[in-house]
Every structure is written in structure tokens, then in C-alpha cells.
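These are the residues of each chain, in order.
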Amino acid sequence: MGLLTQAFLFLRENWIFLILAPIAFHLLYNKYGHGLSKIPGPFWASTSDIWLLVHYTRRRGLTERQMHEKYNSPLLRLGPNTVSVSDPEAIRVIYGWKPVFKKSRLYISQQVTTEHGNVLGTLSSTRDEDWHSKLRRPVANAYALSTLVEYEPLVDSTTRTFVREVTERFVKTGEECPLSDWLQMYAFDIIGELTFSKRFGFLESGKDLNNMMYHTGRAMDYIGVIGQIPMLDEYLRLKGFGHILRKLRKTNAQMKFTVAQIGEHITSKDKSRPDFLSRFLQAREKYPGIMTDGQLAMYTNTNVGAGSDTTAIALREIIYRLLTHPGSKQRFMSELRTVLQERNAEDADLPVTWAESHKMPYFQDFVRECLRLCPALGQIIPRDVPEGGLTLCGQYLPEGTVVGCNAWTVHRDEEVFGPGASEFRPERWAEASLEKRRNMDNSFFTFGGGPRVCIGKNIAMLEINKFVPEIFRRFEVEIVDPNRYHRLPGWLVVQKGLDVVLKERKMGLSS
Ligand code: HEM
């Protein structure tokens, strides 16, 4: 028998073994080869990243707290090389400044490409921390607390549009208002107004123009799922198949809008607009090498992508909780009434200001409790363990391990947030001693932490603090059926079913 024939017979008899052996080796290597085999977790999670992809496809991110409890461990193995941490102490380490833990490869799925397929490192997606600090420096001031008051007229303008539109469509007709959708339209339009002094036009049209909101939502789902196996993203989007897709795909509507607004701003004679784009263009004079046309488009697009759905989620949660907690609503309304009664007669009808909402301490705690219990991001925010590895919760994690906290998990820690940490109780913030409160604040992870903390946090708080009191002052809001309200957890935890009936309310100096 010739050698070839022998080889053929061997293959024919052993083909199953030849296929299964490398797979088994791969799974065993995954389980034992990453130095994480002592960390508990579901068996299949330790053998392949497919488990985590399926876990997030099934929208199971909010169950991670229970998984930590089930395995009775602050460390939970979610993948061959991925570990979730439930101890809030870890936030300071993983998301701290020294050393900086680089964003993990999940963020490749957030990266934007040019039409030729080159990757553009944006503020939120870049994994190069030096490049990130170069990108953040020129624009940081535009998001600073001290700049906020200058954005108030822009927020007021979108809020007025919201009030006008819902009055026409729902108050006057008595029809149910699908507030979940209207809050999303509000959050997109306001970020358009803040960024370009121009709304996208969702509120005026009452619909998702060019499916812009739909596509942003799908991009977030994509990050949460495909991001778990970054190699998939490379082949689907960045390389291989992605080259073909790019040729077939038209420039998306949001990018077209962005480019048109940048062109309009550059040629406009009015340089005094208090929006983000004007500030970015001013920064261009000092940082011409960074503030290129391409980066301007990235900064402004990132604002829309990162600052719209997240804020809509926060607004939905706050309004839902107000509508379903009559005692809290009563305290909030009483604070609001007091603030409005303190006004001069000529200011009576002006929109609620940032300064006024900060004279409402119960409302401040209420918002904080909503953001604690139901944060917008519903998965672990992954980082790479830096050179040298580290010991966390008594366990050594080698360099390159993907490690992260999920705000839905850490925010339910009873040692930090007190007994009943999973319950909604705004009073916990006022009751806490100074030291306890400091610890709660330090463990508050809704906006992330460290060098990659949300740059738009103040802007989000400005929108929340002005919009919510303004709406409750203008309308009597009643929820149609609290059971319709539900959450769809993914990278973002989007809520649906906040249907309400709106009636006009007059609230001012005398009421
Ligand atoms: C309640 C609303 C918001 C929430 C809960 C939120 C949450 C977050 C979180 C958790 C991160 C860190 C993500 C990570 O490490 O992967 C982040 C980053 C970011 N957010 Fe927000 N965000 C909100 C509103 C906004 C707004 C209004 C803007 C823009 C005006 C914005 C712009 C950004 C940007 C640009 C980053 C990346 C920052 C960097 O890496 O330097 N966000 N946000």
C-alpha cells in the first residue's frame, strides 16, 4: 500500500478525532491557559467567548449581580479571559489614573472608519490612552461645569419645542402619549441643538427621520454583542467582508447632517453661537493639528452617539419613578412649587433654571437614586489589565486579562449603599453620614470613572435638571399602565412602554 493510500485510510478512520482534538485542546487551553481557572463562573463561559456573546445576545447583563451571589464571589469568570468584578472598591483600581487600564478590544466595535477603511480613533473609542488625552484636552472646557449656564438657552429652546409639540398632539386631542419615544426624540434633538444650534427635527416631525435613531440603537446593540468577539467585528466591518459592505453602503444620514452643519458654521458670519461646534472651532486655533475637519466631525458625531440614548434612558427612568412613587412625587412637586413661588412676577413663566433645580434637595437625591439603580449601561465596561498583572479581591489577574465592573452589579452592594441596596429609596442619600455619603459617591459608576469618565456628565445633568421640573410644572402626567414599562438590557438598557396621558397644568407664583 502506497503512502498516500495509507494516509487516506488513516484520515477516513480518524477524521472525527482529528477535528475534535484541536477543538478540545482549544477549549482546555481557554479554560486553564489564562491563569484564571480558580475564578468561579459558568463552565462554558470559561471555555469560549461564544458563551458571553450568547449571554449578551439574550440580554442577560442585569443578571450578573445574581451570578456573583450564586458563586459567592466578587470575581466572576464571564469568558476565557474576561472577569466581572462586583466589589465597588475595584472601581478606583480598574478605572483609576495610575496605572491607566487601557480600554479593551471591545471598543474596536465602536471605531469609525473612513470610506477607505482606515480606522479613526475617536474620543470614546480610541484604545490609545496617549492619543485619548491629546483628543480630550482641546474640548474638555466645552463640557465643564463652569460653561453650563451658557447652554441653558439651547436646552430651553428644545424644551419649548417639546412642550409645544406634545400639547398639540396629545394634550389637545386627549390621546395617549408614547413618552418613551418622545423622550428619545427630545434627547436627540437637544444634543443636535447643543452641538450645532440645530435640531435634527424629530420633535417637529414626530418621527424618526431617516431612521437615524433606529441606526444609533442598532449600533449600540452591535457593540454589546459583537464586541465580545472583536475578531468578528474586524472581519464583518473593518477588514474582509467590511470592504465590500463599505462600497455598498451610503454615507449615513447622521454623518451627512454633521458635515452640513460644520460647513454652515465655518461659513457663517455669526460666531457667537454658544454651541459645542463653535467652541470646537475656537479650539482649532490653539490645536490645529488635532482639530482637523475629520476630527471635528468625529467630536460632534460622538456627542450625538454617546449623549442621546443615554440621556433618554435617564429621563425615562426618572419620570417613570416619579409617576409610580406618589410620595416622592408629592415632595418633588412641593419643592418645585416653592422654587417657582420665589420668583419675581416678570420671571414667572421662564423655564426652570439649573440654579433653581439645585434648590430642590429631595429632587437631587431622587435623580441620583434613579441613576444608581438603573444606570444606562447594562454590561461590564471592559478594560485590559496592564503590564505586570495585578491582585484584585485576593486573586492574581495576569496582564491582558479583560476586567470590568457592571454598574447594575456594583450599585447593589449593601456594604456601600446600605441594607436593601436593590430597593429604590431616594432617602438613603440624605440619611447617610458624611463618610458613608463620600463612599457612596466614590462608588457611583453610572458615568464610568477615571480618565475615560463620561465627558458629557454635566451636560446630561443640565438636561435632566431643567427638563424634568419643567415638564411637571407644565403638565399633569399620568401613567396609563405601569406594567407596560419594561427594559431591554444590552450595552444600553433601553426602556419601552412609558405611555402617559398629559393634561395642561398651570403652576406659578400663586399655585
Ligand atoms: C445620563 C446620561 C449619560 C450617561 C449615563 C453616560 C454614561 C457614560 C459612560 C458610562 C461612559 C464611559 C463609557 C466607557 O468607558 O466605555 C461615557 C463616556 C462618554 N460620554 Fe457619556 N453618558 C451620558 C451622557 C452623555 C452626554 C450628554 C454626552 C455628550 C454631550 C456624553 C458623551 C460621552 C463621551 C464623549 C464619552 C467618552 C469619553 C472619553 O472616553 O473620554 N455622554 N458616558
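- Per an unreviewed UniProt entry, the protein goes by Cytochrome P450 and derives from Penicillium frequentans.
- In its Cofactor (unreviewed entry) section, the UniProt entry covering the protein states "heme".

## Section: the packing of helix α17 (residues 326-341) against helix α19 (residues 361-373)
Next, step 1: Following both chains from N to C, one finds α17 and α19 inclined at 135°, their axes separated by 8 Å at the closest point. Relative to α19, the element α17 is oriented oblique. Considering only the axes of α17 and α19, their crossing is left-handed. In this structure, α17 uses Ser328, Arg331, Phe332 and Glu335 to contact α19, whose residues at the interface are Pro361, Tyr362, Phe363 and Phe366.
Next, step 2: Across the contact of α17 with α19, the residue classes break down as five nonpolar, one polar and two charged.

## So, the environment of Thr338
Next, step 1: Turning to its location among the elements, Thr338 is positioned in helix α17.
Next, step 2: A relative accessible area of 40% means that Thr338 is categorised as partly exposed.
Next, step 3: As a C-alpha pair, Thr338 and Met360 span 22 residues in sequence and 9.0 Å in three-dimensional space.

## Here's the deal with the sheet that holds strand β10 (residues 475-479)
Next, step 1: Ordered by their spatial adjacency, three strands build an open sheet running β5-β13-β10, and the pairing between neighbours is antiparallel. A single partner strand is all that each edge strand has here, and the edge strands are β5 (177-178) and β10.
Next, step 2: Note: β5 against strand β13 (residues 499-504), two bridges, orientation antiparallel. Bridge pairing in β13 places Pro178 opposite Asp499.
Next, step 3: Across the sheet, helix α7 (residues 148-171) touches β5, β10 and β13, and the angle it forms with β13 is around 100°.

## Digging into the UniProt feature "binding site: heme" (unreviewed entry) in the protein
Next, step 1: Per the UniProt entry, the sites bearing "binding site: heme" (unreviewed entry) are Cys454 in this numbering.
Next, step 2: With sequence-adjacent residues up to four places away left out, Cys454 is seen in contact with Arg136 and Phe447.

## Brief notes about helix α6 (residues 129-136)
Next, step 1: When we look at burial in α6, the residues that qualify are Glu129, His132, Leu135 and Arg136. For α6, the angular spread of the buried residues around the axis is 115°, confining them to a single face.
Next, step 2: Residues of α6 that are buried in the fold lie against α15 (293-307).
Next, step 3: For α6, the capping residue at the N-terminal end is Asp128, with a side-chain oxygen 3.0 Å from the backbone nitrogen of Asp130.

## Observations concerning the pairing of strand β9 (residues 402-405)
Next, step 1: Across the two faces of β9 the burial is the same, with Val402 and Gly404 and Val403 and Cys405 all buried.
Next, step 2: Judged from the three bridges that link them, strand β2 (residues 82-85) and β9 form a sheet pairing that is parallel. Directly across from Ser84, in β9, lies its bridge partner Gly404.
Next, step 3: Looking at chain direction, strand β6 (residues 381-384) and β9 are connected through four bridges and run antiparallel. Paired with Asp384 across the strands is Val402, a residue of β9.

## Describing the coordination of the iron atom of the ligand
Next, step 1: Among protein residues, the single donor to the iron atom of the ligand is Cys454 (SG), with a metal-donor distance of 2.3 Å.
Next, step 2: Following the sequence through the fold, Cys454 ends up in the loop between α23 (434-442) and α24 (457-474).

## Points about the site of the ligand
Next, step 1: Taken together, 28 residues form the shell around the ligand, and within it Tyr107, His132, Arg136, Arg383 and Cys454 come nearest.
Next, step 2: One of the side-chain N or O atoms of Lys103 is found 3.5 Å from an oxygen atom in the ligand.
Next, step 3: Take Leu123: an N or O atom from its main chain is 3.2 Å from an oxygen atom of the ligand.
Next, step 4: Elements that contribute at least two residues to the shell around the ligand include exactly α6, α15, α16 (309-324) and β6.
Next, step 5: Considering each element in turn, the shell around the ligand owes the most residues, four residues, to α15.

## Describing the pattern of salt bridges
Next, step 1: Per the stated rule, a full pass over the model turns up 34 salt bridges.
Next, step 2: Between Arg273 and Glu264 there is a salt bridge, and its shortest N-O distance comes to 3.4 Å.
Next, step 3: Salt bridges here are not isolated pairs; linked through shared partners, they connect Asp349, Glu470, Arg473 and Arg474.

What counts and how
Residues numbered from 1 in each chain as written. Predicted model: local features only at pLDDT ≥ 70, side-chain atom pairs only at ≥ 80, totals over all residues. Heavy atoms only, no water. UniProt positions renumbered as here; feature names shortened; annotations may be inferred. Axes fitted to C-alpha atoms, helices over the stretch in contact; angles between N-to-C directions. Helix = DSSP H or I, 4+ residues; strand = E, 2+ residues; numbered from the N terminus. Parallel < 35°, antiparallel > 145°, perpendicular 65-115°, else oblique. Left-handed = near helix turned anticlockwise from the far one by under 90°. Contact = heavy atoms within 4.5 Å. Nonpolar A, V, L, I, M, F, W, Y, C, P; charged D, E, K, R; others polar. Buried < 20%, exposed > 50% of the residue type's maximum accessible area, 1.4 Å probe, protein only. Pairing = 2+ DSSP bridges. Arc of directions from axis to C-beta. Polar contact = N/O pair within 3.5 Å; in protein donor to acceptor, adjacent residues only side chain to side chain. Donors = N, O, S within 2.8 Å, 3.2 Å for Na, K, Ca; no water. Near = heavy atom within 4 Å. Salt bridge = Lys/Arg side-chain N within 4 Å of Asp/Glu carboxyl O.

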